Every structure is written in structure tokens, then in C-alpha cells.
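# Chains, contacts and geometry: an overview
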Amino acid sequence: QQPVQSPQAVILREGEDAVINCSSSKALYSVHWYRQKHGEAPVFLMILLKGGEQKGHEKISASFNEKKQQSSLYLTASQLSYSGTYFCGTERDDYKLSFGAGTTVTVRA
Amino acid sequence: ETGVTQTPRHLVMGMTNKKSLKCEQHLGHNAMYWYKQSAKKPLELMFVYNFKEQTENNSVPSRFSPECPNSSHLFLHLHTLQPEDSALYLCASSQGTGINTGELFFGEGSRLTVL
């Protein structure tokens, strides 16, 4: 069962912040986040394995709330290079990875 | 360079043609995957191979036929496709599957157009 992502799209100016949400109707073992730029392969950002854990890379971080079965990706002080489509992937206890429909992020100068 | 190479990058075929997509990974991974990516839709898992054995077939029509001769190569054989099969087909690899899935490494995809 695929997770639901919101919003579908977001437009930012450089330096602004954004939050992308990913929610599941089932209990989750882990959440993956990937980014895909136009015409390129999806690229791994991070995996969150424990409830309430936050991970980050530079100014992109994420949290995972096991109880609420959801994860959020935080884009802080966005840069032009953050533009792309962000996908969350969720693993349930059967360890099968299902992806959301993606959130398209456009960062403008 | 992602370590996962897909060929061809673009393919146009008629509904009666037979063609194949190829994927090669140079990462020493044991698991390989085929995903279908259509506009505005979630990535759809098609097939999973672990140590050359198919471990997942996600109710894919038989006009798509995968082949995994070894852990480094994965093929998707196509025949009598329909226009709705037009999409980006992504190959991915990982160290393992199940609890050991970890990070997926994706290729850049093969853009398929069925006329």
C-alpha cells in the first residue's frame, strides 16, 4: 500500500523553508527519502529507522513519527540545487518498499 | 555516474515489436529491481531479483518478461506492448532485500514509447 505525500508541488524562493509530508495507513518499519532531478536517476537522501529519529544532511533533514505513521522532510534555507521531485518510500514489517507519488519542488532565485 | 547503467536510454516501438531493456550494476550488489515510472504516479515496483532468483512479481502482465543471468545484469524483455505501457523504466540495485535492503541505487532509466 503506497504512502501519501503532500503537497504535490511547492514553489520556493532561495532561502525559504518547506516541509514535505509522507503518511501511511499501516505501521512502518522505516522511511526512505529520494530526490530525482529532471532526466536523472532518483538519488538516495536518507533512511529513518527509529520512531522519532531525525536525520539530516546539510540543510535537508527528516523526522519519523512511528505512532502517527508519518515522516516529514524539511528543506531549510533552500538552494537552487534543491529543485527536483522528492519521493518517500515506506517499508512495513514485510520489508517491501512502496513509494509515494512524489512532491515537485521548484526553487527560484 | 550512479553505478547502475541502463540501455537504451530511449526506445520507440510498435505494438507488435519485441525489444529488450538492459541494466548493469557495478556495485557488487545482490539485489536488482525493475520499477515503472509514469507521470504523476508513484513508482511501481515490477520485479525483484535477489542472488539471481526472482523474489517478487508485482502482478505484472506477461508481455513483460524479466531475466537475471547473474547478480550484475538484469533484462526486461518486451513484446506486444500497449500504448499505456509507455513510461520511464527504472532499474535499481541494493545490497540485499528484506531487512537488509538499505539504500537503492537507481539507473537513469529507459524512456519507452509504444506507438
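Check the entry above for the structure.
Note that this is a predicted model, so its numbers are computed, not measured.

## What to know about the interface of chain B and chain A
- Listed per partner, the contact involves 20 residues of chain B and 18 residues of chain A.
- Each partner contributes to the roughly 1500 Å² buried at the junction of chain B and chain A, and carbon and sulfur atoms together form 61% of this total.
- Between chain B and chain A we count zero salt bridges in total.
- At the junction of chain B and chain A, the tally comes to two residue pairs in polar contact (both at pLDDT 80 or more).

## Some thoughts on the state of the cysteines
- Taken as a whole, this structure holds two disulfides over all chains when the rule is applied.
- Residue A:C22 pairs covalently with A:C88 via a disulfide, S to S 2.0 Å. One quick way to see it: the torsion about the S-S bond of A:C22 and A:C88 is about 75°, and its sign makes the bridge right-handed. Highlighted residues: A:C22 in strand β3 (residues 18-23) and A:C88 in strand β9 (residues 84-91), separated in sequence by 66 residues.
- For B:C68, which is in no disulfide, the shortest distance to another cysteine sulfur is to B:C91 and amounts to 9.1 Å.
- B:C68 gets classed as buried once you look at its relative accessible area, which sits at 11%.

## Considerations on the pairing of strand β7 (residues 64-70) of chain B
All names here are of chain B.
- With five bridges connecting them, β7 and strand β8 (residues 73-79) associate as antiparallel partners. Note on β8: the bridge partner recorded for S65 is H77.
- Counting the residues in the hairpin turn of β7 and β8 gives two residues.

## Here's the deal with the packing of aromatic side chains
- Considering all chains together, one arrives at eight aromatic pairs over all chains under this definition.
- With a centroid separation of 5.6 Å and an interplanar angle of 90°, the aromatic rings of A:Y34 and B:F106 are classed as edge-to-face. With one member in each of two chains, A:Y34 in strand β4 (residues 30-36) and B:F106 in strand β10 (residues 105-106) form a pair that bridges those chains.
- Taken together, A:Y34, A:F44, A:F99, B:Y33, B:Y35 and B:F106 form an aromatic cluster joined through their ring pairs.

## A few points about the pattern of salt bridges
Residue and element names in this part refer to chain B.
- The full count for this structure, using the stated rule, is two salt bridges over all chains.
- One salt bridge connects R63 with D85, and the closest N-O pair in it is separated by 2.7 Å. With R63 in the loop between β6 (53-57) and β7 and D85 in the loop between β8 and β9 (87-94), this pair connects stretches of sequence that are 22 residues apart.

## Quick look at the pairing of strand β2 (residues 10-13) of chain B
Residues and elements named next belong to chain B.
- Side chains L11 and M13 of β2 all project onto a buried face; the interleaved residues H10 and V12 project onto a face where none is buried.
- As judged from the four bridges shared by β2 and strand β11 (residues 110-114), these two strands associate in the parallel manner. Residue L11 lies in a different strand from β11, and its bridge partner there is L112.

Procedures and definitions
Residues numbered from 1 in each chain as written. Chains lettered and ligands numbered in written order. Predicted model: local features only at pLDDT ≥ 70, side-chain atom pairs only at ≥ 80, totals over all residues. Heavy atoms only, no water. Contact = heavy atoms within 4.5 Å. Buried area = accessible area lost by both parts, 1.4 Å probe. Salt bridge = Lys/Arg side-chain N within 4 Å of Asp/Glu carboxyl O. Polar contact = N/O pair within 3.5 Å; in protein donor to acceptor, adjacent residues only side chain to side chain. Disulfide = S-S within 2.5 Å. Helix = DSSP H or I, 4+ residues; strand = E, 2+ residues; numbered from the N terminus. Buried < 20%, exposed > 50% of the residue type's maximum accessible area, 1.4 Å probe, protein only. Pairing = 2+ DSSP bridges. Phe/Tyr/Trp six-rings, centres within 6.5 Å; stacked < 30°, edge-to-face > 60°.

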